[in-house]
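Given next are the chains, with one letter for each unit.
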Amino acid sequence: MTAEKIVIKWLIGEAKSSDPWFYTYDFETRVPMYGRLAHGKMHTASTYSRVFRKIRENNVLKNYGLTLEEVKHKDNEKVKGWKVVKDS
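This is a predicted model, so every value here is computed, not measured. (Residues numbered from 1 in each chain as written. Predicted model: local features only at pLDDT ≥ 70, side-chain atom pairs only at ≥ 80, totals over all residues. Heavy atoms only, no water.)

A. Broad picture of the overall build of the protein chain. A count of helical and extended segments in the protein chain gives three helices and three strands. Shown N-terminal to C-terminal, the secondary structure of the protein chain runs as helices and strands in the order α-β-α-α-β-β. Scaling as 2.2 N^0.38, a compact globule of 88 residues should have a C-alpha radius of gyration of about 12 Å, and the protein chain matches this with 12 Å. By principal-axis analysis of the C-alpha atoms, the protein chain measures approximately 35 × 30 × 25 Å. For the protein chain, the proportion of its 88 residues judged to be buried stands at 34%. Considering only residue pairs separated by 6 or more positions, the protein chain has 55% of its internal contacts joining residues 24 or more positions apart. For the protein chain, the exposed surface amounts to about 5,700 Å²; the carbon and sulfur share of it is 48%. (Helix = DSSP H or I, 4+ residues; strand = E, 2+ residues; numbered from the N terminus. Rg over C-alpha atoms; globule rule 2.2 N^0.38 Å. Buried < 20%, exposed > 50% of the residue type's maximum accessible area, 1.4 Å probe, protein only. Contact = heavy atoms within 4.5 Å. Areas by Shrake-Rupley, 256 points an atom, 1.4 Å probe, with all protein chains shown as cover.)

Structure (structure tokens):
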């Protein structure tokens, strides 16, 4: 399974969760663990981050009925966060 498919599956799962938002530091920790445990694939956090940027830039999530909205961190404005929203 490619890093892109792993990120997309993780984002789909996030959209279904009760807390569909995450911050960059969450992403860099949780996605490599998800890829290893759920799919038996090892990629670096940097690889997943590059793939995530590509997914955002190319609006790939629209194909899955999802959109990403940027959110602000409550304590640190410099930390980027994202909310995964299901399109209506």
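B. How the structure looks around the packing of helix α1 (residues 3-16) against helix α3 (residues 45-57). Two elements in contact, α1 and α3, have axes separated by 9 Å at closest approach and are oriented at 70 degrees. As summarised for this structure, α1 and α3 are arranged roughly perpendicular, according to the angle between their axes. Across the interface between the two elements, Ala3, Glu4, Ile6, Val7, Ile8 and Leu11 from α1 touch Thr47, Tyr48, Val51, Phe52, Lys54 and Ile55 from α3. Along the lines of polarity and charge, the residues of the contact of α1 with α3 split into nine nonpolar, one polar and two charged. (Axes fitted to C-alpha atoms, helices over the stretch in contact; angles between N-to-C directions. Parallel < 35°, antiparallel > 145°, perpendicular 65-115°, else oblique. Nonpolar A, V, L, I, M, F, W, Y, C, P; charged D, E, K, R; others polar.)

C. Quick look at the packing of helix α2 (residues 24-39) against α3. At a minimum axis distance of 9 Å, the contact between α2 and α3 shows a crossing angle of 105 degrees. Accordingly, the angle class assigned to the pair α2 and α3 is roughly perpendicular. Together, Phe27, Glu28, Val31, Pro32 and Gly35 of α2 and Ala45, Tyr48, Ser49 and Phe52 of α3 make up the contact between the two elements. In terms of residue class, the contact of α2 with α3 is built from six nonpolar, two polar and one charged.

D. Quick peek at the nonpolar core. Within the largest apolar cluster, 20 residues are counted, with the highest numbers of intra-cluster contacts made by Val7, Leu11, Phe22, Phe27 and Phe52. Contributions of two or more residues to this core are made by α1, α2, α3, β2 (66-72) and β3 (80-86). The element that contributes the greatest number of residues to this core is α1, accounting for seven residues. With residues up to four places along the chain from it excluded, the contact list for Phe52 reads Val7, Leu11, Phe22, Phe27, Leu68 and Trp82. (Core = buried A, V, L, I, M, F, W, Y, C linked by side-chain atoms within 4.5 Å.)

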